[in-house]
Amino acid sequence: MNAIRKLVWDGALNVEVTIDPELVIKGIPKNKTMVNLRIPRDSYIMNYLDYILTRLEAYIRVNLKDLKELNFWFEYDGIPLSWNYPTGVLYDIMNTKDVITAARDTNHLNMWRINLTCGSQVPRNVIPIIEGTKQIEKYWMHQWKQVCFILRGSSKQIMSISRKEGQSFWESILRRDMETFNNISTRIIPKKARFIPVVIHINDKFIQPVAPSLNDDGIENKVINITEGLSSSEIAIISHGVVIPKKSSLKEVYDRFLSFDGFLHLIIQEQPANT
Amino acid sequence: MISHEEYKQQLKNLYESTGFQEWGKCKHIHLSPSYDWLSINADFPSNPNISPEQQDFAHLELKIVYSVVYKEPQLLLRVWKYAVDETGITVKVPVFPPDIKDFLNLPAWIQINLDIHSHDGLAETWYFIHPCDTSEIVGMCHHEKYLERWTSTFVSSLLP
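Residues numbered from 1 in each chain as written. Chains lettered and ligands numbered in written order. Predicted model: local features only at pLDDT ≥ 70, side-chain atom pairs only at ≥ 80, totals over all residues. Heavy atoms only, no water.

Draft legend 1. The arrangement of the interface of chain B and chain A in detail. Listed as interface residues are 23 residues of chain B and, on the opposing side, 22 residues of chain A. Of the roughly 2000 Å² buried between chain B and chain A on both sides combined, carbon and sulfur atoms contribute 64%. In terms of surface lost to chain A, no three residues of chain B exceed Val69(B), Leu114(B) and Ile116(B), which account for 24% of the buried area on that side. Our count for the contact surface shared by chain B and chain A stands at eight residue pairs in polar contact (both at pLDDT 80 or more). Among the elements of the structure, β5 (90-95), β6 (112-119) and β7 (122-129) of chain B are those that each provide at least two residues to the side of chain B that touches chain A. Counted by class, the side of chain B that touches chain A contains 15 nonpolar, six polar and two charged residues. (Contact = heavy atoms within 4.5 Å. Buried area = accessible area lost by both parts, 1.4 Å probe. Polar contact = N/O pair within 3.5 Å; in protein donor to acceptor, adjacent residues only side chain to side chain. Helix = DSSP H or I, 4+ residues; strand = E, 2+ residues; numbered from the N terminus. Nonpolar A, V, L, I, M, F, W, Y, C, P; charged D, E, K, R; others polar.)

Structure, rendered in structure tokens:
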């Protein structure tokens, strides 16, 4: 299990971010308005905003300080990306076909090309950043409170974590410190859970199902038990870019594939019918 | 805690009573046909923190929903403001003041953060009042009055 957790933790995407041409000084060549990054799948893309803006500062028409007054968001193919999901989840939602291809082709190398744009109003599905990076941290901690409640039926375990430990927990994400992350997350996640924190992403929607770890007969639920009925088509279930066997134990998949926000994110890809 | 079915029944009863209409800030109220949620357009609470230059605020939108995770009612909030769009027409747009607790004069114990609420496939940003300590805050009461008591604590007392 540790080897899979390490692969999940180390998973990263090659991302090319191009800034909105409206913000760029006229005459600046396009290649100067891009930043290439390797972003961990298990991170929020919004955590990289300040770095990207600082890298492009010399080519932007507006003073960086004034830019902070604007609302920024990322887009892929004109579709705004909801930063409140892990970056890898956003990639898998937008590129499910590529994910399945990549799973079959070990030589597959992808560059995810996205745009950074801004305006006075953010799109409906994007949470505006109004308190800087502190807001992202607070949002993430609220996710963990939910996770703790789902797993244990109470948030007491996470409330018992000191402020200092909570800070270390967050910084373990930013510094990619898996040991600290594991030390704290294993205190929140019990060996035997009542319910499993799952978010299912299907057809531009997300669902948070009630997912008991055991069925009525006391037998471990399988992944297929919480996904059946969601689509009339044949489906593939993806997590962290990996196609998950449908008959796997839900708890075992959770233990291996949980994201840094404590949820198991499952992306459903509907397969075309065979003709 | 309250079951989803009890919540829906109590929400319907509350809507049919005069409870919300008697709350002085209520301008408009709507109950979903499935009794899953109730929305209220309300005046802003009296607050010296709202300065004159902020007077183009239109109204406060409240939404009562059911949290499947916490098995509790949950209050969502949005602030609407008048703005002029690119065609010169005055429209209402949602705004998200960073100091929402000061802005609405909310007590210190309230935990509030922005999150996405999905309804009928439409994802939207709202302020969420965190429901994790709801049972302790609402206190012991007759179960059939749970939502009434919750409303008194989280709506009319919070936003007088």
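Draft legend 2. View of the sheet that holds strand β2 (residues 34-40) of chain A. All names here are of chain A. Spatially, β2-β1-β5-β3-β4 is the arrangement adopted by the five strands of the open sheet, whose pairing is mixed. Edge positions in the open sheet fall to β2 and β4 (79-80), since each of these has one partner strand only. Relative to β2, strand β1 (residues 12-19) runs antiparallel, the two being bridged by seven bridges. Considered in β2, the bridge of Glu16 is made with Asn36. In the packing of helix α2 (residues 49-56) onto the sheet, the strands contacted are β1, β2, β3 (71-76) and β5 (112-119), and the crossing angle to β2 comes to about 155°. (Pairing = 2+ DSSP bridges. Axes fitted to C-alpha atoms, helices over the stretch in contact; angles between N-to-C directions.)

Draft legend 3. Structural detail: the nonpolar core. Grouped together as the largest cluster of nonpolar side chains are 124 residues, with contacts concentrated most on Phe74(A), Trp144(A) and Leu77(B). Top element by residues in this core is helix α6 (residues 133-152) of chain A. It accounts for nine residues. Dropping the residues within four chain positions of it, Leu77(B) is found in contact with Leu60(B), Glu61(B), Leu62(B), Leu104(B), Ile112(B), Trp126(B), Tyr127(B), Ile129(B) and Leu159(B). Trp37(B), Val65(B), Leu76(B) and Phe128(B) belong to the second largest nonpolar core, which has five residues in total. (Core = buried A, V, L, I, M, F, W, Y, C linked by side-chain atoms within 4.5 Å. Buried < 20%, exposed > 50% of the residue type's maximum accessible area, 1.4 Å probe, protein only.)

Draft legend 4. Local environment of the packing of aromatic side chains. Using the criterion set out here, one finds 19 aromatic pairs over all chains in the structure. Relative to Trp170(A), the ring of Trp140(A) has its centre 5.2 Å away and its plane inclined at 50°; by these criteria the two rings are tilted. You can see Trp140(A) sitting in helix α6 and its partner Trp170(A) sitting in helix α8 (residues 163-174), a full 30 residues away along the chain. Note on accessibility: Trp140(A) and Trp170(A) belong to one class, buried. Stacked on the ring of Trp9(A), the Lys or Arg Arg176(A) has its end atom at 4.3 Å from the ring centre. Taking the ring centre of Trp37(B) as reference, the NZ or CZ of Lys63(B) above it sits at 4.5 Å. (Phe/Tyr/Trp six-rings, centres within 6.5 Å; stacked < 30°, edge-to-face > 60°. Lys NZ or Arg CZ within 6 Å of the ring centre and 35° of its normal.)

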